[in-house]
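Residue-level structure breakdown
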Amino acid sequence: MKKVYCQIEKCLACRSCELACAAAHSESKDIVGALQEKEMPRSRVRVEFIDEKGTLQRVRAVAVQCRHCEEPLCEQACISGGIHRDEETGDIVVRLDKCVGCWSCIMVCPVGAIVKNENMHQALKCDFCPDLETPACIVACPTGALVYCEPEEMAKEQL
Amino acid sequence: MNILIIGNSAAGTAAIESIRKHDRQSSITQLSDEAQPLYSRCLLTYYLSGSIDREKLLYREEGFHKKMGVDLHTGPGFRVVDLNPAQRRVTCDNGRTFYYDKLLIATGASPKVPDNLPFDKGIFVLRHLADVEEIKQYLRDVGAKRAVVSGGGLVGIKSAAALNECGLHTTLAISSQQVLSQVLDYDAAQIIGRQLRENNIEILQPAGITEIISRDNRLKGVKTDQGRELDCDVLIVAKGVAPNVRLAKAAGIGVRRGIVIDSFMQTDHENIYAAGDVAEAFDMAIEDYTINALWTCAVQQGRIAGLNMAGKKTSYNDIISMNSFNVYDISIISFGVTSPKDESEYSVLTLNQAERNIYKKIVIDRDNHIKGIILLGKIASAGVLLSLIQRRVDVSVFKDELLSDKFNYGTLVKYGVEKE
Ligand SMILES: Cc1cc2nc3c(=O)[nH]c(=O)nc-3n(C[C@H](O)[C@H](O)[C@H](O)COP(=O)(O)OP(=O)(O)OC[C@H]3O[C@@H](n4cnc5c(N)ncnc54)[C@H](O)[C@@H]3O)c2cc1C
Ligand code: SF4
């Protein structure tokens, strides 16, 4: 199953992925439109600093989003039965119609991939942009730090 | 192989799912005395308040048991009344018997009720869907205006908030000095107490209910041990739960407070497993056996029991209490030991911004392992912190960063805990 990976050495911490993700999950699907929406769309990927600015020549950061785990703790913890593996794609998905916003998923996700939608009390996370051919963050990343591939391909790349 | 599961809730369901990942062959029979379809107990107060409808209570899609190849029998008649380990047989209230090769006892817990509690109308516990249906009906029938909830634990608070949302004037009577004494420390509990009061829930503490005032067998009010008299139409008793161990005890299975299980979720009988609210297991934070009567813990234990029943020998040593809930706008997550008896044995980090409804606390032991956490108001890093607890990571090097809002997965990469 394809997943999104971040190659730290290529990440510039430019946050293009965050913007693209928020826009892709907005009503209007573009950044300008998204900014005018009543509820600010939230990014499901977060650029996290490894070394703060200034401590190194170059900032090191990692873009963190859902890993679509083999043994998803979020699915196991979900009290409403609203997180499950899609049988066709194998992706871990949140069913917003079931989610009650208890944040049991945030309690257990080991990478912190679940984002709160404060207004609606619902859990959001990476869904690989089902309406797009390639997830928006991958397209937006200017350095190719983010890749969408099979785990084996990623392992090869790192050799 | 014949697998038998008693109980159709968190632990039983998780067991079914993990068994079926590895074993499509064995027959699985499941018995439950609750007639309802599989629902989430944790959502009952959401249903009480009307914020979700009945359908949303369902924990799995319709047809789940069929898809999993489970022969499910539900209803009062299928209450298991006898377990005979020598013959590997259980007997139900309706006389039906079932034989097993492997058995999972996932009978959960029942609300504790004071011995002298009368059976007057208007007095309820809240554990099963049937309880909530009764409460809802009663509220309508009598046009209830005032409610008292006895007990300041999770169920008590959730019930009080739900009744308040239904428009009832609600009073929470707590016998200890603070709300959520099992989960939060005193300072965090103060914030929650204030939040409840600001949302018009009256809190009496410490206050026990000593007397029921009723007329024509119908509740009219209660008296507290402080001598206060409160008018009310409904009383919900939420004084904690006791594990449903009678069956196991009578069968000679090892029981202390709960059914004692090892790291494979196995009882002292080789082919009998237990999981969930009924089970007493080793807790990595307390470093002793305890019952963690929580949904997520029940799922984890059920999952491990299932794996072992399916022949995938798996030990699990990471059991720890974990809670996540909201009290109005405040999100709270807690893990493990949050108020150690002797704080001098630990290094305790706290951040108290009570005026902003933010509080964080991290309890670290002498080996630099985290043993307990409270996150109130800011919960984003909860799962990352939990992973540190469960992997028993030495946090000495980045201890100073644990309370920061900037602490996240990236921090773990920085310190080489995660490689990426
Ligand atoms: C209102 C409420 C809110 C809660 N909120 C949360 C929350 O937010 N987070 C959280 O982690 N936990 C929460 N909990 C606790 C959580 O619901 C329990 O920990 C969980 O349900 C335990 O699951 P279990 O499978 O062990 O047992 P149970 O859910 O108790 O299920 C056991 C089942 O077995 C049946 N049974 C018992 N004896 C027999 C018998 N002899 N024969 C046949 N059937 C039998 C019972 O009727 C029941 O259906 C809440 C509980 C309540 C009541
Ligand atoms: S949200 Fe977290 S726990 Fe759930 S699948 Fe994604 S990475 Fe895993």
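Here the structure is a predicted model, which means the values were calculated and not measured.

1. Here we look at the domain arrangement of chain B
Residues and elements named next belong to chain B. According to the domain assignment, chain B consists of domain 1 (2-110 + 242-309), domain 2 (113-239) and domain 3 (332-414). Each of domain 2 and domain 3 was reduced to a C-alpha centroid, and the two centroids are 32 Å apart. Of the roughly 880 Å² buried at the junction of domain 2 and domain 3 (both faces included), carbon and sulfur atoms supply 57%. On inspection of domain 2 and its partner domain 3, the count reaches one salt bridge. As a salt-bridge pair, Lys361 and Asp185 come within 3.0 Å of each other at their nearest N and O atoms. Inspection of the domain 2/domain 3 interface yields five residue pairs in polar contact (both at pLDDT 80 or more). Per-class residue counts for the side of domain 2 that touches domain 3 are five nonpolar, one polar and three charged.

2. Section: the sheet that holds strand S14 (residues 218-224) of chain B
All names here are of chain B. Read from one edge of the open sheet, three strands run S13-S14-S15, paired in antiparallel fashion. Both edges of this open sheet fall to strand S13 (209-215) and strand S15 (229-231), since each of them pairs with a single strand only. For this sheet the average axis-to-axis angle between neighbouring strands, irrespective of direction, equals 25°. Across six bridges, S13 lies against S14 in antiparallel orientation. The partner of Ile212 across the bridge, within S14, is Val222.

3. Side note on empty space enclosed by the protein
Residue and element names in this part refer to chain A. Following the criterion strictly, the structure yields six cavities of 30 Å³ or more and no others. There is about 120 Å³ of room inside the largest cavity. Along the walls of the largest cavity sit 14 residues, with Cys66, Arg67, Cys69, Cys74 and Cys109 positioned nearest its centre. In the lining of the largest cavity, the residues fall into 11 nonpolar, one polar and two charged.

4. Description of the interface of chain A and chain B
Contacts between the two partners involve 37 residues from chain A, matched on the other side by 40 residues from chain B. The junction of chain A with chain B conceals about 3,000 Å² of combined surface from both sides, 51% of it contributed by carbon and sulfur atoms. Looking only at chain A, the three residues that lose the most surface to chain B are Gln76(A), Ile79(A) and Met107(A), adding up to 22% of its buried area. Connecting chain A to chain B are four salt bridges. The partner of Glu87(A) in a salt bridge is Lys67(B), and the shortest N-O contact between them spans 2.8 Å. For the side of chain A that touches chain B, the secondary-structure elements that each account for two or more residues are strand S2 (46-51), strand S3 (60-64), helix H3 (73-77) and helix H4 (104-108) of chain A. In terms of residue class, the side of chain A that touches chain B is built from 20 nonpolar, seven polar and 10 charged.

5. Focus: the nonpolar core
Counting 103 residues, the largest nonpolar core has Leu172(B) and Ile192(B) as the members making the most contacts within it. If near-sequence neighbours (up to four positions away) are discounted, Ile192(B) is found in contact with Ile157(B), Val179(B), Leu180(B), Leu184(B), Val327(B), Ile330(B), Ile332(B) and Leu376(B). Listed in part, the 71 residues of the second largest apolar core include Cys126(A), Leu386(B), Phe398(B) and Val413(B).

6. Some details on the pattern of salt bridges
Scanning the entire structure with this criterion turns up 26 salt bridges over all chains. Among the ionic pairs, Arg54(B) bridges to Glu133(B), the shortest N-O distance being 2.5 Å. One end of the pair, Arg54(B), is in the loop between helix H2 (44-49) and helix H3 (64-67); the other, Glu133(B), is in helix H4 (residues 129-142), and 79 residues separate them in sequence. Residue Arg54(B) is classed as partly exposed on the basis of its relative accessible area of 37%. What makes Glu133(B) partly exposed here is its relative accessible area of 26%. Each of Glu71(A), Lys21(B) and Arg303(B) takes part in salt bridges that share partners, so that together they form one network.

7. Quick look at the site of ligand 2
All names here are of chain A. Taken together, 13 residues are adjacent to ligand 2, and Cys66, Arg67, Cys69, Cys74 and Cys109 come closest. Here ligand 2 is seated within the largest cavity. Split into classes, the residues belonging to the shell around ligand 2 amount to 10 nonpolar, one polar and two charged.

8. Side note on the domain arrangement of chain A
Residue and element names in this part refer to chain A. Domains assigned within chain A are domain 1 (1-65 + 128-159) and domain 2 (69-125). Distance from the C-alpha centre of domain 1 to the C-alpha centre of domain 2: 19 Å. Taken together, the contacts link 10 residues of domain 1 with 16 residues of domain 2. Across the domain 1/domain 2 interface, buried area totals approximately 1,000 Å², and carbon plus sulfur atoms make up 49% of it. The interface formed by domain 1 and domain 2 includes zero salt bridges. Residue composition of the side of domain 1 that touches domain 2, grouped by class: three nonpolar, two polar and five charged.

9. Quick notes on the sheet that holds strand S18 (residues 259-260) of chain B
All names here are of chain B. Across the sheet, three strands lie side by side as S18-S20-S21; this open sheet has mixed pairing. Because the sheet does not close on itself, it has two edges, and the strands there are S18 and strand S21 (288-290). Judged from the three bridges that link them, strand S20 (residues 279-283) and S21 form a sheet pairing that is antiparallel. In the strand pairing of S21, Asp283 is matched with Asp288.

10. Focus on a nonpolar patch on the surface
There is a patch of nonpolar side chains on the surface, built from Leu19(A), Ile31(A), Leu35(A) and Met40(A) and spanning about 390 Å² of accessible area. Looking at where Met40(A) falls in the secondary structure, it is placed in the loop between helix H2 (31-35) and S2.

11. Regarding the pairing of strand S23 (residues 330-336) of chain B
All names here are of chain B. Most of S23 is tucked away, with seven of its seven residues classed as buried. Across six bridges, strand S22 (residues 322-327) lies against S23 in antiparallel orientation. In the strand pairing of S23, Val327 is matched with Ile330.

12. Regarding the layout of surface pockets
By rolling a water-sized probe across the atoms, one finds the places where empty space is left. There is about 1,100 Å³ of room inside the second largest pocket. Taken together, 36 residues line the second largest pocket, and the ones lying closest to its centre are Glu75(A), His84(A), Glu17(B), Arg60(B) and Lys67(B). At the level of secondary structure, the elements contributing two or more residues to the lining of the second largest pocket comprise H3 and strand S4 (83-85) of chain A together with helix H1 (10-22), H3 and helix H8 (295-309) of chain B. Here the lining of the second largest pocket gets six residues from one element, more than from any other, and that element is H1(B). Residue classes in the lining of the second largest pocket are distributed as nine nonpolar, six polar and 21 charged.

Parameters and conventions
Throughout this description, residue numbers start from 1 for each chain and increase along the sequence as written. Note on labels: chains are lettered from A, ligands numbered from 1, in written order. Residue-level local features of this predicted model are given only where pLDDT is at least 70; pairs of side-chain atoms are given and counted only at 80 or more, and the full residue set underlies all totals for whole chains, interfaces and linings. Hydrogens are left out, water is left out, and the side-chain values use all remaining heavy atoms of the structure. The split into domains, and so the bounds of each, comes from an automatic or database assignment of domains. Joining two parts hides part of their accessible area as seen by a 1.4 Å probe, and the buried area is that hidden amount summed over both. Salt bridge, as used here, is a side-chain nitrogen of Lys or Arg placed within 4 Å of a carboxyl oxygen of Asp or Glu. Think of a polar contact as two N or O atoms within 3.5 Å of one another; within protein, one of them needs to be a possible hydrogen donor and the other a possible acceptor, and neighboring residues in sequence only count if both atoms come from side chains. Three classes are used: nonpolar for Ala, Val, Leu, Ile, Met, Phe, Trp, Tyr, Cys and Pro, charged for Asp, Glu, Lys and Arg, and polar for all others, with Gly counted as polar. Here, any two strands with at least 2 DSSP bridges between them count as paired. Numbering of helices and strands starts at the N terminus; helices are DSSP runs of H or I of at least 4 residues and strands are runs of E of at least 2. Every axis corresponds to a line fitted to the C-alpha atoms, with the helix fit spanning only the stretch in contact, and the corresponding angles, defined between N-to-C directions, vary from 0 to 180 degrees. Note on definitions: the grid is 1 Å and covers protein atoms alone; a cavity is a set of points where a 1.4 Å probe fits but cannot get out; a pocket is an open set with protein on both sides within 12 Å along at least five of seven lines; lining residues have an atom within 4 Å of a point. Grid points are joined across faces, edges and corners, and a volume is the space filled by probe spheres set on the points. Two residues qualify as a contact provided that any one of their heavy atoms is within 4.5 Å of a heavy atom in the partner residue. Here, nonpolar core refers to any group of buried Ala, Val, Leu, Ile, Met, Phe, Trp, Tyr and Cys residues whose side-chain atoms link them within 4.5 Å. Each residue's exposure class comes from its accessible area (1.4 Å probe, protein chains only) as a fraction of the maximum for that residue type: buried when under 20%, exposed when over 50%, partly exposed otherwise. Each residue is tested against the molecule or strand, and it is near if at least one of its non-hydrogen atoms lies within 4 Å. Any molecule with more than half of its atoms within 2 Å of a cavity's or pocket's grid points is counted as sitting in it. Distance thresholds for patches are 9 Å for like charges and 5 Å for nonpolar side chains (Val, Leu, Ile, Met, Phe, Trp, Tyr), applied to residues having over 30% relative accessible area and no salt bridge. Here the open area of atoms and residues is found with the Shrake-Rupley method and a 1.4 Å probe, where only the protein chains shown may cover a residue.

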